[in-house]
Amino acid sequence: MKVLKFKNLRSAAIIFSLVGLCFSAHAQKAIKKEVILEKVKAVENYVKDVRGYLHEHPELSSKEFETARFIQGELEKIGLPVTKVEGTGFYAILDTKKAGKTIGLRTDIDALPVPENAENLKQPKKWISKVEGVSHACGHDGHIAILLGAVKVLNELKGSLSGRIVFIFEEAEETGEGIDKMVNALKPLNIDAFYGNHLSAAMKTGDFFIIDGPMMAGSSIVAFDVIGRGGHGSRPDLSINPIFAAADILSGISIAWNNQRDITQTLTLGITQIHGGEANNVIPNSVFIGGTVRFFDKAEAERGLGTIKKVAENIAAAHNCTVKIREETRIMLTPVINDKQLAELGQKAVGALYPGKVDTSKENIWFASETFSKYSTLAPALFVFVGIQNDDLGSGAAHHNDRFDIDEDALPYAVGGMVGFAVEYLNAK
């Protein structure tokens, strides 16, 4: 073995620096888009099969036990160790063993308590839930399949990448029960950026929606009881009927909503529950009213909740009733707001893979809410929509609808978008 000799330490330092630069340049070598597209194509059938299996075996929020076991088994086949988080959530890390940034790629894993219709908007569905009363009526089965497809592709590309990739599988997105536990578990990992995607029934198959700024609305819970005094239905004068008070409160809130808030601010009120009484001849003691407020401006949301409380309490008093505002009546989720630099990088990366498929207008902003907003408390984040609407297939029913269906041809696009963004982010100077 030949031993190198240096005249002085300065010469040695220069040579070792040059060698380091060579290795660094090799690690940062650009991955051609043709390579990414080829590898995405290779996992296409796998991704569709995974989505089909998960669709047939949905599990409700915080009960995704078999779903978690299935995913963990797939990760173990690739050789990625799993770190479990309290509950059913978990994550896995792909370490390239080269210095660099850390990116988090996230999916949700829960289904909904929605009985599935065997047909979509046009014809019988390819996959049907085998669990009565439960279905993937929001596309989370597709989200899981997309991330697992991305895991396979990125694992094959790791020799040309630097840094680390954290694959995040979040429990109970629909109820919000998993996000805080996941965020706390991820804090020590010092993740530099997060990426997530959501399949969108409002967009054509394979189209991407990538913008900076607000992407999805924040959410506030509305929950209160109107309390009166129960009694026999034959003598309403001897009782204090909370049902009439509740009806009057809903009417008053509706009027106040149109006349006492800033109409230049988007603020939607959806009252979804009113429960009171169980028998035709019994006046109940109380009536429950529940719903949500969706918003893009936090201060306006707080004013809106204040209006609801004020109107409810004053009208209840006029009926000799009282109102008990439940503690969950508060802002639960802030809006999903995309980081500007990540959005620009996403538009570039995805646009290079799929020219003409990236929408950067504001038309597809969604008024639904997402726990993904909380990842922004750890690092800049980017959330992307991928279209699944295909009129010929019959996909395109609204999310949380029993006819909701996915055009599976959208899944490879989503895998490519996720991989393309991760590659661009990790190897960017």
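**So, the sheet that holds strand E5 (residues 193-204)**
Then comes step 1: Read across the open sheet, the 8 strands follow the order E1-E2-E4-E3-E5-E17-E6-E16; overall the sheet is mixed. Both outer strands of the open sheet, strand E1 (82-84) and strand E16 (358-359), are each paired with one neighbouring strand and no more.
Then comes step 2: Where strand E2 (residues 90-95) meets strand E4 (residues 164-170), 6 bridges bridge the pair, whose relative direction is antiparallel. The partner of Tyr91 across the bridge, within E4, is Ile168.
Then comes step 3: The strands touched by helix H4 (residues 65-78) are E1, E2 and E4; relative to E2, the strand with the most contacts, the crossing angle is about 10°.
Then comes step 4: Along the sheet, helix H6 (residues 179-186) makes contact with E2, E4 and E5, crossing E4 at roughly 160°.

**Comments concerning the packing of helix H2 (residues 33-42) against helix H5 (residues 140-157)**
Then comes step 1: Remark: H2 packs on H5, axes separated minimally by 9 Å, with the N-to-C direction vectors making an angle of 135°. Classified by the angle their axes make, H2 and H5 are oblique. As for the relative orientation of H2 and H5, their crossing is right-handed in sense. The segment H2 lies against H5, with Val35, Ile36, Lys39 and Val40 engaging Val153, Glu156 and Leu157.
Then comes step 2: Split by residue class, the contact of H2 with H5 holds 5 nonpolar, no polar and 2 charged.

**Describing the packing of aromatic side chains**
Then comes step 1: One pass over the structure, following the stated rule, counts 13 aromatic pairs.
Then comes step 2: Pairing Phe296 with Phe367 gives two aromatic rings, centres 5.7 Å apart and planes at 85°, and the pair type is edge-to-face. With Phe296 in the loop between strand E12 (286-295) and helix H8 (298-318) and Phe367 in the loop between E16 and strand E17 (381-389), the pair connects residues that are 71 residues apart, well separated along the chain.
Then comes step 3: What makes Phe296 partly exposed here is its relative accessible area of 23%.
Then comes step 4: Judged by its relative accessible area of 38%, Phe367 is partly exposed.
Then comes step 5: Positioned above the aromatic ring of Tyr425, the side-chain terminus of Lys101 is 4.2 Å from the ring centre.
Then comes step 6: The residue whose ring lies beneath Lys152 is Tyr46, and the NZ or CZ to ring-centre distance is 4.6 Å.

**A closer look at the layout of surface pockets**
Then comes step 1: In this structure, the largest pocket spans a volume of roughly 890 Å³.
Then comes step 2: Secondary structure elements with two or more residues in the lining of the largest pocket: H6, strand E8 (218-227), strand E10 (267-275), E12 and strand E14 (331-333).
Then comes step 3: The element that contributes the greatest number of residues to the lining of the largest pocket is E12, accounting for 5 residues.
Then comes step 4: Counted by class, the lining of the largest pocket contains 12 nonpolar, 15 polar and 9 charged residues.
Then comes step 5: Space inside the second largest pocket adds up to approximately 320 Å³.
Then comes step 6: As for the second largest pocket, its lining consists of 17 residues, of which Ala30, Ile31, Gly420, Val423 and Glu424 are closest to the centre.
Then comes step 7: Every element with two or more residues in the lining of the second largest pocket is listed here: H2, helix H9 (340-353) and helix H10 (410-427).
Then comes step 8: The dominant element in the lining of the second largest pocket, judged by the number of residues it contributes, is H9, at 5 residues.
Then comes step 9: A per-class count over the lining of the second largest pocket returns 9 nonpolar, 3 polar and 5 charged.

About the cut-offs
Residues numbered from 1 in each chain as written. Predicted model: local features only at pLDDT ≥ 70, side-chain atom pairs only at ≥ 80, totals over all residues. Heavy atoms only, no water. Pairing = 2+ DSSP bridges. Helix = DSSP H or I, 4+ residues; strand = E, 2+ residues; numbered from the N terminus. Contact = heavy atoms within 4.5 Å. Axes fitted to C-alpha atoms, helices over the stretch in contact; angles between N-to-C directions. Parallel < 35°, antiparallel > 145°, perpendicular 65-115°, else oblique. Left-handed = near helix turned anticlockwise from the far one by under 90°. Nonpolar A, V, L, I, M, F, W, Y, C, P; charged D, E, K, R; others polar. Phe/Tyr/Trp six-rings, centres within 6.5 Å; stacked < 30°, edge-to-face > 60°. Buried < 20%, exposed > 50% of the residue type's maximum accessible area, 1.4 Å probe, protein only. Lys NZ or Arg CZ within 6 Å of the ring centre and 35° of its normal. 1 Å grid on protein atoms, 1.4 Å probe; cavity = no way out; pocket = protein on both sides within 12 Å on 5 of 7 lines; lining within 4 Å. Points joined across faces, edges and corners; volume = space filled by probe spheres on them.

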